[in-house]
Structures are given as C-alpha cells and as structure tokens.
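# Coordinate analysis (summary)
Listed below, chain by chain, are the residues.
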Amino acid sequence: ATMLFVWLASYGVFLFLVNRMMPWYTLCTSMGQLVNKERLHQTLAKLRLKEELRKKEAIHEEMKAEEEMERRKKEEQAKAEQSSKAANQVHSKSSLLGITDAIVTNVGNVFKRPSA
C-alpha cells in the first residue's frame, strides 16, 4: 500500500510539473518564431555601436587624464627648477657678500693705525 501511494504521489508531482512547464516551453519556442529578425539585428547593431562609443569615450578620457598628469608634472618640475635657481642665486649672493665683507675687513685691517 505504501509503494502504491509513493508511486501515485510521484506521478502526481510529474503531471503537475509538466502541466506548469509545457505552456512556458511552447510559449518560448513560439516567441522565437514571432521575433522580427531584421529589427533584432538593428537593435543588436545599436547596442554594439553604443558599446564601442563608450569604449572610445573611456579611452579618450584616459588620454586626457594622462595629458593632464604630464602637464602637472612638467609644471612641478619647472617650479622645482625655479626654486633651485633662486636658491643658487641666494647662495651665490651670500657668498659674494661674505667675500666682500672679508675684503673690507682685511682692507680695514691693513689701513688701521698701529696702536702704540
């Protein structure tokens, strides 16, 4: 009796699933036949075109970002060169002032009157 019940329950589940799935399956296959293939191809072509445009736009944006980074790097290098030139000029001026002070001091010592 148990075996008969299991067999009938399994058969009932099978019929229920077939009853639910068969209409979906036939609907899907019928829908495939109803699709306008020309319009489908146009839609796919538009999709591919949009993807390519996005890719090109992304590449263009990357190139702009790289150019901007290079420009900023050049500006920073120019600023660094200017500051090093300014530091060298200050250093050379200070060493010239030091030499001038030494000369003035030595000349002053030469022309000093001896104290005695």
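Above this text is the structure in question.
Okay, so let's go over this structure. (Residues numbered from 1 in each chain as written. Predicted model: local features only at pLDDT ≥ 70, side-chain atom pairs only at ≥ 80, totals over all residues. Heavy atoms only, no water.)

## What about the overall build of the chain?
On a plain count of helices and strands, the chain comes out with two helices and zero strands. The proportion of buried residues among the 116 residues of the chain is 0%. (Helix = DSSP H or I, 4+ residues; strand = E, 2+ residues; numbered from the N terminus. Buried < 20%, exposed > 50% of the residue type's maximum accessible area, 1.4 Å probe, protein only.)

## A look at the packing of aromatic side chains
Evaluated as defined, the whole model comprises two aromatic pairs. Within the aromatic cluster, the residues linked to one another by ring pairs are Trp7, Tyr11 and Phe14. (Phe/Tyr/Trp six-rings, centres within 6.5 Å; stacked < 30°, edge-to-face > 60°.)

## Considering a negative patch on the surface
Where like charges cluster on the molecular surface, the negative patch consists of Glu62, Glu66, Glu67 and Glu70. Classification of Glu66 by relative accessible area gives partly exposed; the value is 45%. (Patch = residues over 30% accessible without salt bridge, like charges linked within 9 Å, V, L, I, M, F, W, Y side chains within 5 Å. Areas by Shrake-Rupley, 256 points an atom, 1.4 Å probe, with all protein chains shown as cover. Salt bridge = Lys/Arg side-chain N within 4 Å of Asp/Glu carboxyl O. Lys, Arg positive; Asp, Glu negative; His and termini not counted. Charge placed at Lys NZ, Arg CZ, Asp CG, Glu CD.)

## Regarding the pattern of salt bridges
Throughout the structure, instances matching the rule amount to four salt bridges. Residues Glu75 and Arg71 are paired through a salt bridge, measuring 2.4 Å at the closest nitrogen-oxygen approach. Residue Glu75 and its partner Arg71 are located together in helix α2 (residues 37-110), separated by four residues, close to a single helical turn. Exposure remark for Glu75: the relative accessible area of 38% places this residue in the partly exposed category.

## Focus: a nonpolar patch on the surface
Where nonpolar side chains cluster on the molecular surface, the patch consists of Tyr11, Phe14, Leu15, Val18, Met22 and Tyr25 and spans about 620 Å² of accessible area. Inspection of the secondary structure assignment puts Tyr25 in helix α1 (residues 2-34). Overall, the relative accessible area of 55% leaves Tyr25 in the exposed class.

## Concerning a positive patch on the surface
Together, Arg39, Lys46, Lys50 and Arg54 make up a region of like positive charge exposed at the surface. Note that Arg39 resides in helix α2.

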